[in-house]
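Chain by chain, the residues:
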Amino acid sequence: MIPTGRSAPAGSPSARGDTPVLELDNVTLDLGGRTILRDTSFVVNQGEFIGVLGPNGAGKTTLMRAVLGLLPAAGGVMRVLGQTIERGNASIGYMPQTRSALAGRRVRGRDFVAMAADGHRWGLPHADAKTRADVDRVLELVGGTNLAKRPLSELSGGERQRLLLAQCLLGNPRLLLLDEPLISLDPHHQKSVVELVRRVQQELGIAVLFSAHELNPLLNSIDRVLYLGSGVAALGTVDEVITRPVLSRLYGSPIDVMRVNGRIFVMSGGVEVEKHDHEHEHDEDGGHTHSHSHSHSHPNPHDLRDGHTHDV
Ligand SMILES: Nc1ncnc2c1ncn2[C@@H]1O[C@H](COP(=O)(O)OP(=O)(O)O)[C@@H](O)[C@H]1O
Ligand SMILES: [Mg+2]
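Residues numbered from 1 in each chain as written. Chains lettered and ligands numbered in written order. Predicted model: local features only at pLDDT ≥ 70, side-chain atom pairs only at ≥ 80, totals over all residues.

Asker: Teacher, can you tell me more about unusual backbone geometry here?
Answerer: What is expected of a backbone is that most residues other than glycine have negative phi and most peptide bonds are trans. Here Asn26, not a glycine, exhibits a phi torsion of approximately 50°, which is positive. Inspection of the secondary structure puts Asn26 in strand E1 (residues 22-31). Asn26 gets classed as exposed once you count the C-beta atoms within 10 Å, which come to 12. Located in the positive-phi region is Asn261, a residue other than glycine, with phi close to 50°. (Helix = DSSP H or I, 4+ residues; strand = E, 2+ residues; numbered from the N terminus. Buried ≥ 20, exposed ≤ 12 C-beta atoms within 10 Å, placed from the backbone.)

Asker: Would you mind going over the pairing of strand E4 (residues 75-80) with me for this structure?
Answerer: The side chains of a regular strand alternate between the sheet's two faces. Sheet topology places E1 next to E4; 5 bridges connect them, and they run antiparallel. Bridge pairing links Leu22 to Val80 in E4. Here E4 pairs with strand E5 (residues 83-84) via 2 bridges, running antiparallel. Opposite Arg79, over in E5, you have Thr84 as the bridge partner. Between the antiparallel neighbours E4 and E5 lie 2 residues, among them Leu81 with a positive phi of about 50°. (Pairing = 2+ DSSP bridges.)

Asker: Would you explain the nonpolar core in this entry?
Answerer: One recurring pattern in soluble globular proteins is that nonpolar side chains are buried together. With 78 residues, the main nonpolar core has Ile50, Val67, Leu165, Val208 and Phe210 as its most contacted residues. Look past the residues within four positions of Phe210 in its chain and what remains in contact with it is Phe49, Ile50, Gly51, Val52, Leu178, Pro181, Val197 and Leu218. (Core = buried A, V, L, I, M, F, W, Y, C linked by C-beta atoms within 7 Å. Contact = placed C-beta atoms within 7 Å.)

Asker: For this particular structure, what's the right way to read the sheet that holds strand E12 (residues 263-268)?
Answerer: For sheets, the rule is that strands pair by backbone hydrogen bonds, running either parallel or antiparallel. An order of E11-E12-E13 is seen for the 3 strands of this open sheet, with the pairing classed as antiparallel. Strands at the two margins of the open sheet, each flanked by one partner only, are strand E11 (256-260) and strand E13 (271-272). Two elements, E11 and E12, share 5 bridges in a ladder whose sense is antiparallel. Bridged to Val257 within E12 is Val266.

Asker: How should I be thinking about the packing of helix H2 (residues 109-117) against helix H3 (residues 129-141) in this particular structure?
Answerer: A packed helix pair is summarised by two numbers, namely the angle formed by the two axes and the spacing between the axes. Where H2 contacts H3, the two axes come as close as 10 Å, and the packing angle between them is 120°. By the criterion of interaxial angle, the relationship of H2 to H3 is oblique. In the crossing of H2 with H3, the sense of the turn from one axis to the other is right-handed. Where H2 approaches H3, its residues Arg110, Val113, Ala114 and Ala117 are matched on the opposing element by Thr131, Asp134, Val135, Val138 and Leu139. Its residues assigned to classes, the contact of H2 with H3 comprises 6 nonpolar, 1 polar and 2 charged. (Axes fitted to C-alpha atoms, helices over the stretch in contact; angles between N-to-C directions. Parallel < 35°, antiparallel > 145°, perpendicular 65-115°, else oblique. Left-handed = near helix turned anticlockwise from the far one by under 90°. Nonpolar A, V, L, I, M, F, W, Y, C, P; charged D, E, K, R; others polar.)

Asker: Mind showing me how you'd approach the pairing of E1 here?
Answerer: With 7 bridges joining them, E1 and strand E2 (residues 34-44) adopt antiparallel strand pairing. Looking at E2, one finds that Leu29 is bridged to Leu37. Between E1 and the antiparallel strand that follows it, E2, lie 2 residues; Gly32 among them carries a positive phi value of about 55°.

Next comes the structure, spelled out in structure tokens:
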């Protein structure tokens, strides 16, 4: 592929087509005196759903922040739709990793989505007609119209995820950066969130970087995987990347890859790697303090019913 369109403004028709949605050209990212990513090059094409994997601290969040222009590269060049990185790029939708404090909010679903349309103006009922139409559009896209009137505090984690995805879709971005959307969701909701993102991604023909610390929930939905570790990155199909030699290089220690019943297990010394990552994050279910070693089942009967509506 020949990278073209460097002079095409992002979002213009000429920026569509063959221009990669994201290019890293010998990029180095430093943070707090440490190199997180070293001299890395890869290309993500338009319309690709990329699973971003790697152990805790590998740099998944840092990479997304760099793409957003929140962290300047220490070396190399990054481009989004042919344009060098700038803050506030409307071509990018972002769901940050830290989503705490949402669960206690009484704000209604629709108003919550609308907040992201105009972050500085919280007088939500006064949103202009264009914004209201965009909010309606994204709510419908994510199947969230029925959540519009309900307060966040009454929604399940999966339903809040749906609204967060709607926020990211405001303004028609071409690239979504979704940072750990599966954290603190039970397996059923994980599956429905992945399927929802996949459906929306294909419907809109947009590219998605979806970070996670477990591959299996993403296996059936992703086009390729970007695996980070030890300051390097590997981008390719699951079969190309999830291999003993590639992962041993990324982890800096011998790794075994086991395939069982359509699932893939990445093992180090007979133990599955990164099994306990999500214990670092707390579920945001309305102030519950339950442990992650326990079941994630919700006491609210709504959740059982709503679980079905998540399957799109
Ligand atoms: N603000 C910061 N200052 C210095 N180091 C940081 C900061 N944020 C994260 N780090 C470190 O940078 C590395 C990459 O972190 P991060 O991008 O959050 O990884 P991931 O999202 O893959 O878990 C980690 O070693 C982390 O401790
Ligand atoms: Mg992270």
